[in-house]
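Observations on the three-dimensional arrangement
What follows is each chain in one-letter form.
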Amino acid sequence: MSAAELNSKFGLAGVVEFAEAEHGLIKAAVSRAGMTGELYLQGAHVTAWQPAGARPVIFTSSRAVFVPGKAIRGGVPVIFPWFGPHPTDPAQPQHGVARTAEWELDAVEQSAEGVALELSLSPDGFALRYRVVFGEELRLTLAVRNTSSSAASFEEALHSYFAISDVERVTISGLEDSSFIDKTVGMQLCPPAGAPLMLSKETDQVYLNTPDGRVVHDPGWGRRIVVSTSAAASTIVWNPWPEKAAAMADLGADNWRGMVCVETGNVADNRVHLPSGATHEMMTRITVDAG
Ligand code: BG6
């Protein structure tokens, strides 16, 4: 559907407007009572969310490339049905097929909690429904149904990039009691750290069996980003640090300090096993406060 067709079917003047962005990609711009948000239909990719009076909460790289079939650097990529490289076929794309696929927009609605966009995608053997609510909180719910005739398993993640004052000055709490896989040292399984996480080097850690709720404390901007979850057993924390960031054309040496990924997912040992016909629903809810 073109932006004009989407506007006539789903648009809400001044609240949800569709536009054709670079290279023909379609985006929805959302705004209500001082809150703004943005979502690309490619990947059902949230690229911005800023509650009224707050700084941006979601980081999108100033060098992000908006091209059909290429993952957008930043925002909230939807990772499905595998996390990282494909387990057996190196020719398959990193982080699965959902983040570069064109999703179908099924509904747009307003309620007291915010402006909701409902999207769907049907990759092989599954039916995905994704509900994005832009409001005073950003709530993301991904429902996966196994449409095949046998049991199936998958990995998934809502790969949120958060905007922060300085990655070397934030503290992440809620992961203290969880063991983690350190992807920077050959997927080594490490015991729980027993203390909140502060980043001082390249970090790529998959925390397993994490409790609901993690907090990014950002004293530089005098705020906390609070992430509440349900049916999400894994949390992934990632920042490439300057050397790797410089090698990524869509990030660059100057962008890494202002971001940290704290991702909600079910990956590795926490992958989801679903009987035929069953549905699994994972949710993440993001809010900001002064701490
Ligand atoms: C993280 C992974 O979730 O995503 C990292 O744990 C990866 O290993 C990062 O480098 C970014 O991935 P991509 O494919 O968007 O460059």
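Predicted, not measured: the structure shown is a model, and the values here were computed from it.

So, on to the overall build of the protein chain. Of the regular secondary structure elements, the protein chain holds 2 helices and 23 strands. Expected size for 291 residues packed as a compact globule is a radius of gyration near 19 Å; at 18 Å, the protein chain falls within 12% of this value. Considering only C-alpha atoms, the protein chain reaches an extent of 55 × 50 × 35 Å along its principal axes. The buried share of the protein chain, reckoned over its 291 residues, is 53%.

Moving on, we get to the side chain of Glu-137. Here Glu-137 lies in the loop between β8 (126-134) and β9 (138-146). A distance of 3.3 Å separates a polar atom in the side chain of Glu-137 from a polar atom in the side chain of Arg-139.

Another aspect to go through is the pattern of salt bridges. Inspection of every chain in the model, using the stated rule, returns 17 salt bridges. With its nearest N and O atoms 3.2 Å apart, the salt bridge here joins Glu-109 to Arg-131. Taken as a pair, Glu-109 in strand β6 (residues 104-111) and Arg-131 in strand β8 lie far apart in primary sequence, 22 residues in all. On the basis of relative accessible area, Glu-109 is assigned to the partly exposed category, the value being 38%. With its nearest N and O atoms 2.9 Å apart, the salt bridge here joins Glu-202 to Lys-244. In this pair, Glu-202 sits in the loop between β16 (197-198) and β17 (203-207) while Lys-244 sits in helix α2 (residues 241-246), placing the two residues 42 residues apart along the sequence. You can call Glu-202 partly exposed: its relative accessible area is 22%.

Here we have 4 strands laid out as an open sheet, ordered β1-β2-β3-β4, and antiparallel in their pairing. Bordering the open sheet on either side are β1 (16-20) and β4 (45-50), each of which pairs with just one other strand. Strand-to-strand twist across the sheet, computed as the mean angle between neighbouring axes with direction ignored, equals 15 degrees. Pairing analysis gives 5 bridges linking strand β3 (residues 35-40) to β4, with the strands arranged antiparallel. Opposite Thr-36, over in β4, you have Gln-50 as the bridge partner.

A separate point is the site of the ligand. The ligand sits among Arg-73, Phe-83, Gln-94, His-95, Arg-99, His-159, Lys-183, Asp-204, Ile-236, Trp-238 and Glu-263. The contact in question runs from an oxygen atom of the ligand to an N or O atom on the side chain of Glu-263, over 2.9 Å. Coverage of the ligand by the protein amounts to 84% of the 390 Å² it exposes when considered alone.

Scanning all chains against the criterion turns up 9 aromatic pairs. Ring geometry for Phe-59 versus Tyr-161: centroids 6.4 Å apart, planes at 20 degrees, classification stacked. Of this pair, Phe-59 sits in the loop between β4 and β5 (78-79) while Tyr-161 sits in strand β12 (residues 161-163), placing them 102 residues apart in sequence. Note on Tyr-161: relative accessible area 2%, which makes it buried.

Looking now at the nonpolar core. Core analysis: the biggest nonpolar cluster contains 74 residues, and Phe-18, Trp-103, Leu-117, Leu-119, Tyr-130, Phe-134 and Phe-162 have the highest contact counts within it. Per-element tally for this core: the top contributor is β8, with 5 residues. Not counting chain neighbours up to four residues away, the residues in contact with Trp-103 comprise Leu-41, Gly-43, Ala-44, Val-78, Ala-98, Leu-119, Ser-120, Leu-121, Leu-128, Tyr-130 and Leu-142. In this structure, Ile-79, Phe-83, Leu-208 and Val-267 belong to the second largest nonpolar core, which totals 8 residues.

Analysis parameters
- Sequence order as written defines residue numbering, which begins from 1 separately in each chain.
- The model is predicted, so local features are restricted to residues of pLDDT at least 70 and side-chain atom pairs to those at 80 or more, both for listing and for counting; the totals for chains, interfaces and linings are taken over all residues.
- Side-chain numbers come from the whole structure's heavy atoms, not from hydrogens or water.
- Secondary structure counts use DSSP, requiring at least four H or I residues in a row for a helix and at least two E residues in a row for a strand, with both numbered from the N terminus.
- Restricting the calculation to C-alpha atoms gives the radius of gyration, and the globule rule supplies 2.2 Å times the number of residues raised to the power 0.38.
- Think of it in three bands: residues with accessible area under 20% of the maximum for their type are buried, residues over 50% are exposed, and the middle band is partly exposed, with areas taken using a 1.4 Å probe on protein chains only.
- Any pair of nitrogen or oxygen atoms within 3.5 Å is treated as a polar contact; in protein, a donor-acceptor pairing is required on top of that, and neighbouring residues in sequence qualify only through side-chain atoms on both sides.
- Note on definitions: salt bridges are taken to be side-chain nitrogens of Lys or Arg within 4 Å of carboxyl oxygens of Asp or Glu.
- For two strands to pair, DSSP has to find at least two bridges joining them.
- Axis definition: a line fitted to C-alpha atoms, limited for helices to the stretch in contact. Angles are taken between N-to-C directions and run from 0 to 180 degrees.
- Note on definitions. A residue lies near a molecule or strand when any single heavy atom of the residue is within 4 Å of it.
- Surface accessibility in these figures is a Shrake-Rupley result with a 1.4 Å probe; residues are shielded only by whichever protein chains are displayed.
- Pairing of aromatic side chains here covers Phe, Tyr and the six-membered ring of Trp, requires ring centres within 6.5 Å, and sorts the geometry by plane angle: under 30 degrees stacked, over 60 edge-to-face, intermediate tilted.
- Buried residues of nine kinds, namely Ala, Val, Leu, Ile, Met, Phe, Trp, Tyr and Cys, make up a nonpolar core once their side-chain atoms join them within 4.5 Å.
- We call two residues contacting when some pair of their heavy atoms lies within 4.5 Å.

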